[in-house]
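Secondary and tertiary structure notes
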Amino acid sequence: MTASNDAMEQLLNLVKQQQAFLEMFVRSWVSDYRSGGRNIFCGKGCRNCCSLAVHTGFAEALAVARQLAQPQADAIEGYALKLRGLVQGISELPQYLRLHRQEIGFCPLLNEAGECSVYAVRPITCRSLISTKESSWCGADFSQLTAADRDAFVASLDRKVVAFPSHYVAVLQESGKEFEEAGAKKMRALLGFAVYGNLGVLVHLILKHGLAEAALKGEAAAAEAIAKAGFDHPLLITVS
Ligand code: SF4
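Residues numbered from 1 in each chain as written. Predicted model: local features only at pLDDT ≥ 70, side-chain atom pairs only at ≥ 80, totals over all residues. Heavy atoms only, no water.

Some thoughts on the environment of Ser156
Relative to the helices and strands, Ser156 is located in helix 6 (residues 147–156). As for Ser156 and His167, which are separated by 11 residues in sequence, their C-alpha atoms are 9.3 Å apart. At 2.7 Å, the side chain of Ser156 and the side chain of Lys133 are in polar contact. (Helix = DSSP H or I, 4+ residues; strand = E, 2+ residues; numbered from the N terminus. Polar contact = N/O pair within 3.5 Å; in protein donor to acceptor, adjacent residues only side chain to side chain.)

Listed below in structure tokens is the structure:
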């Protein structure tokens, strides 16, 4: 199937609507939760969750790619190449997530002030991660905790709202997943396939390896562009 640029604009418009709707849902949910005397700890300057691996649909990455200035694009490239080396020989998701946090560190889109430099177009994954615990827990390496500390953490969770055993709000993450699935469905309807993967890798492929142009030519061309750049690793990108 050969698609047109209009397909990309339709995907971007959907993402924009989804992100705006999720933003409203998060605000309203947090406000209700706080009005019940409970706390949500996310706020300006808080960035510990930005050391987690961020995975998004293709259109969200395209929205980010379109916003970037050269220094950000360079930072993304450095991140993607480092991650490409890191995942060689890795096939398990938990190991990937742990190594990402330990070896790669913070998202390359954080600016010098420690704020998200693409806040207006940050992906749904970032928007839907809302913490019921202090931000130090968002950066914690649970494998390093003692059993007693882990038990105390688990006992402190608000089991009615969190995606147990994490401290993030379940319904907001579920909502984010639904939006991502709807985005993938739309991409399949327009282009015949969907692409999902690591944000930095996708942005790099769009900026440096023509992934958006290849995607308009079809699934085989997109897969070829990804493979040619050396990012055809199932933990980094899936084309389906
Ligand atoms: S895109 Fe922004 S909010 Fe998301 S991980 Fe990167 S810096 Fe953090």
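Considering the site of the ligand
Contacts to the ligand come from Cys50, Val54, Cys107, Leu110, Cys116, Pro123 and Cys126. Tallied by class, the residues present in the shell around the ligand amount to seven nonpolar, no polar and no charged. (Near = heavy atom within 4 Å. Nonpolar A, V, L, I, M, F, W, Y, C, P; charged D, E, K, R; others polar.)

Thoughts on helix 1 (residues 5–35)
Between the first and last C-alpha of helix 1 there are 45 Å, a value that for 31 residues agrees with the 45 Å anticipated at 1.5 Å per step. Immediately downstream of helix 1, the backbone of Gly37 shows phi near 85 degrees, a positive value. (Expected span 1.5 Å × (residues − 1).)

Remarks on the pattern of salt bridges
Here the structure, examined in full by the defined rule, presents eight salt bridges. Glu23 is paired through a salt bridge with Arg122; the nearest N and O atoms lie 3.2 Å apart. Of this pair, Glu23 sits in helix 1 while Arg122 sits in the loop between helix 4 (93–104) and helix 5 (124–127), placing them 99 residues apart in sequence. In terms of burial, Glu23 and Arg122 fall into one category: buried. Arg127 serves as the salt-bridge partner of Glu23, at 2.8 Å between the closest nitrogen and oxygen. Residue Glu23 is found in helix 1, and its partner Arg127 is found in helix 5; the two are separated by 104 residues along the sequence. Taken as a pair, Glu23 and Arg127 share a single burial class, namely buried. Connected through shared salt-bridge partners, Glu23, Arg27, Arg122 and Arg127 make up one network. (Salt bridge = Lys/Arg side-chain N within 4 Å of Asp/Glu carboxyl O. Buried < 20%, exposed > 50% of the residue type's maximum accessible area, 1.4 Å probe, protein only.)

Looking at the packing of aromatic side chains
One pass over the full model with this rule turns up five aromatic pairs. A ring pair is formed by Trp29 and Tyr33, whose centres lie 4.8 Å apart and whose planes are at 20 degrees; its orientation type is stacked. Of the two residues, Trp29 and Tyr33 are both situated in helix 1; the distance of four residues between them amounts to about one turn of the helix. Tyr33 matches Trp29 in its accessibility class, with the two residues each being buried. Sitting over the face of the ring of Phe106, Arg47 holds its NZ or CZ atom 5.8 Å from the ring centroid. (Phe/Tyr/Trp six-rings, centres within 6.5 Å; stacked < 30°, edge-to-face > 60°. Lys NZ or Arg CZ within 6 Å of the ring centre and 35° of its normal.)

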